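# Tertiary structure, described
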Amino acid sequence: MQTVNQTATKVLAEVVTDMPHKRVGILGGTFNPPHLGHLIMAEQVGDQLGLDEVRFMPDAQPPHVDEKKTIAAIDREHMVERAIADNPRFKLETTELKRGGKSYTYDTMKALKAQHPEVQYYFIIGGDMVDYLHTWYRIDDLVKLVTFVGIKRTKYPTTSKYPVIWVDAPVVDISSTQIRQKISHGHSVRYLVPDAVADYIKEHHLYEQSH
């Protein structure tokens, strides 16, 4: 019996060693601009799931967004850097920006997983997006690469045919579209975006005319 226990312990140790030892959340988006809603979502997921990092991953060219309404990638990258600078758990993920072209999550996560096989990735989306997972490019392969994390939304069900971890987070009704509109009309966006992001927008005269 003692021999069996020792063997079982050894096998278990080997399995644990082979398991991913870093847990990383990915929050993708255009971040045009990044706002407090993004930060709250990332913080709540990182805290509740005990993640080592939450990476903000700006799109190069989102597959479903009118590129005419998206400002230069370098500006979005710099705004994200400023937005997350004071949180040690938050990092910038530039894989999609460096690759360029349309950003399909499957391609990105396949590349990241190949580079970092030891990492368990958690892909964070709003509860309203879960219903659309079936439309995502190569979704059946994607769910093998990442664990989806859905942010609960009052009017949306917490069910999906795909595996999703659901997280409670304060619903902050802020949108990047709303922020761009306010700026284009000369209105304040204080408390909607981090001060450092507001400063960057002002310094670079972003969104002052409708895009």
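These lines cover the structure that appears in this document, whether it is placed above or below. Just so it is clear, the model here is predicted, and its values are computed rather than measured.

Okay, the overall build of the protein next. Assigned secondary structure in the protein consists of nine helices and six strands. Burial analysis of the protein (211 residues in total) assigns 43% to the buried set. Excluding contacts between residues fewer than 6 apart, the proportion of contacts in the protein whose partners are at least 24 apart in sequence is 72%. Looking at the protein as shown, the accessible area adds up to about 12,000 Å², and 51% of this sits on carbon and sulfur atoms.

The strand order 3-2-1-4-5-6 describes an open sheet built from six strands, whose pairing is parallel. Lying at the two open borders of the sheet, with one neighbouring strand each, are strand 3 (90–92) and strand 6 (164–167). On average, adjacent strands in this sheet sit at an angle of 30° to one another, irrespective of strand direction. Where strand 5 (residues 146–151) lies against strand 6, four bridges are found, and the strand directions are parallel. The residue of strand 6 that forms the bridge with Gly 150 is Trp 166.

Turning our eyes to something else, we now look at the packing of aromatic side chains. All chains considered together, the criterion is met by seven aromatic pairs. Ring centres of Phe 123 and Phe 148 lie 5.9 Å apart, and the angle between their planes is 70°; this geometry places the pair in the edge-to-face category. With Phe 123 in strand 4 (residues 119–126) and Phe 148 in strand 5, this pair connects stretches of sequence that are 25 residues apart. The pair formed by Phe 123 and Phe 148 is uniform in burial state, with each residue classed as buried. Among the aromatic residues, those joined into a ring-pair cluster are Phe 31, Phe 56 and Phe 90.

With that out of the way, let us pick up the nonpolar core. Formed by 34 residues in total, the largest nonpolar core has its most connected members in Val 45, Phe 56, Met 79, Ile 84 and Ile 124. Of all the elements in the fold, those that place two or more residues in this core are helix 2 (36–48), strand 2 (53–58), helix 3 (73–84), strand 3, strand 4, strand 5, helix 8 (176–184) and helix 9 (195–203). Among all residues touching Ile 84, those that are not within four sequence positions of it are Leu 39, Phe 56, Phe 90, Lys 91 and Leu 92. The next biggest cluster of nonpolar side chains, apart from the first, holds 20 residues, and it includes Met 57, Leu 112, Ile 139 and Val 164.

Conventions adopted
Residues numbered from 1 in each chain as written. Predicted model: local features only at pLDDT ≥ 70, side-chain atom pairs only at ≥ 80, totals over all residues. Heavy atoms only, no water. Helix = DSSP H or I, 4+ residues; strand = E, 2+ residues; numbered from the N terminus. Buried < 20%, exposed > 50% of the residue type's maximum accessible area, 1.4 Å probe, protein only. Contact = heavy atoms within 4.5 Å. Areas by Shrake-Rupley, 256 points an atom, 1.4 Å probe, with all protein chains shown as cover. Pairing = 2+ DSSP bridges. Axes fitted to C-alpha atoms, helices over the stretch in contact; angles between N-to-C directions. Phe/Tyr/Trp six-rings, centres within 6.5 Å; stacked < 30°, edge-to-face > 60°. Core = buried A, V, L, I, M, F, W, Y, C linked by side-chain atoms within 4.5 Å.

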